[in-house]
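Coordinates in review
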Amino acid sequence: MKKTVETLRADIRRRLRRERISLAIILAAIAIIAAMAVAGIFPAGGDDYVTSFASGFLIGLLAFAAGFTVKQIRKLRGALSDDTALRALLATENDELETYLAREVSRTFVHLIPPLSAVIVVITALVGREAMLSAVGTLLFLCTALLVVRFIYKRRLMGPETE
């Protein structure tokens, strides 16, 4: 299936919109966590050191994710403004080695979920019942989201059903 330059640009615009939405959500989460930590209503509260560490850790992770999102936004903007950058982006994304590495990273992540989940539940159980329940709820949500994403992609790859 050949794609025209306009369909490629429309795809890049869609991806750029999603990246901008992701960046907005990340920045809102950083602001909420910072406000909760300053106001002293952070759920991981108790001791000031625990609140400071937990909020700092979460803000650091979100800032790291925001950095990657900004980098992707800049790359997509460049691809929209320049045909050479568009070709370079598409060549990079369609490279067989990149595809193979992405598939292996995904496969490794899926294989690491059960042992990491067990370690996380044991460690949080040592902290307290509420921490363990929170970790189990988070892991359950992440696993469910992973299954939904896999199901959606599998349906897309199979194509429309013909009867």
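Quick look at the structure, then. (Residues numbered from 1 in each chain as written. Predicted model: local features only at pLDDT ≥ 70, side-chain atom pairs only at ≥ 80, totals over all residues. Heavy atoms only, no water.)

**A look at the environment of Ala29**
- With respect to the element layout, Ala29 can be found in helix α1 (residues 5-39).
- Exposure remark for Ala29: the relative accessible area of 25% places this residue in the partly exposed category.
- On a C-alpha basis, the gap between Ala29 and Leu62 in space is 7.8 Å, while along the polypeptide they are 33 residues apart. (Helix = DSSP H or I, 4+ residues; strand = E, 2+ residues; numbered from the N terminus. Buried < 20%, exposed > 50% of the residue type's maximum accessible area, 1.4 Å probe, protein only.)

**Structural notes on the packing of α1 against helix α3 (residues 83-93)**
- Running from N to C, α1 and α3 cross one another at 75°; their axes reach a closest spacing of 12 Å. Classed by the angle they form, the pair α1 and α3 counts as roughly perpendicular. Facing Val5, Leu8, Arg9, Ile12 and Arg15 of α1, the residues of α3 in contact are Asp83, Leu86, Leu89, Leu90 and Glu93.
- Counted by class, the contact of α1 with α3 contains six nonpolar, no polar and four charged residues. (Axes fitted to C-alpha atoms, helices over the stretch in contact; angles between N-to-C directions. Parallel < 35°, antiparallel > 145°, perpendicular 65-115°, else oblique. Contact = heavy atoms within 4.5 Å. Nonpolar A, V, L, I, M, F, W, Y, C, P; charged D, E, K, R; others polar.)

**Considerations on helix α4 (residues 96-127)**
- For α4, which comprises 32 residues, the first-to-last C-alpha distance of 45 Å matches the rise-based estimate of 46 Å (1.5 Å per residue) to within 8%.
- The principal kink in α4, of about 40°, is found at Ile113, preceding the proline Pro114 by one to four residues.
- Among the residues of α4, those classed as buried are Ile113, Ser117 and Thr124.
- Packed against the buried residues of α4 are α5 (129-158). (Expected span 1.5 Å × (residues − 1). Bend = angle between axes of the 7 residues up to and from the residue.)

**Concerning the packing of aromatic side chains**
- Scanning the entire structure with this criterion turns up one aromatic pair.
- Here the aromatic rings of Phe64 and Phe68 are separated by 5.0 Å at their centres, their planes lie at 85°, and the arrangement is edge-to-face. Here Phe64 and its partner Phe68 are both found in helix α2 (residues 48-81), four residues apart, which amounts to about one turn of the helix.
- Residue classification places Phe64 among the exposed residues on the basis of a relative accessible area of 55%. (Phe/Tyr/Trp six-rings, centres within 6.5 Å; stacked < 30°, edge-to-face > 60°.)

**Structural notes on the layout of surface pockets**
- Estimates place the volume of the second largest pocket at around 510 Å³.
- Lining the second largest pocket are 15 residues, with Ser106, Arg107, Val110, Leu146 and Arg150 positioned closest to its centre.
- Residue assignment for the lining of the second largest pocket shows that the elements contributing at least two residues are α4 and α5.
- A total of eight residues in the lining of the second largest pocket trace back to one element, the largest contributor, which is α5.
- Per-class residue counts for the lining of the second largest pocket are nine nonpolar, two polar and four charged. (1 Å grid on protein atoms, 1.4 Å probe; cavity = no way out; pocket = protein on both sides within 12 Å on 5 of 7 lines; lining within 4 Å. Points joined across faces, edges and corners; volume = space filled by probe spheres on them.)

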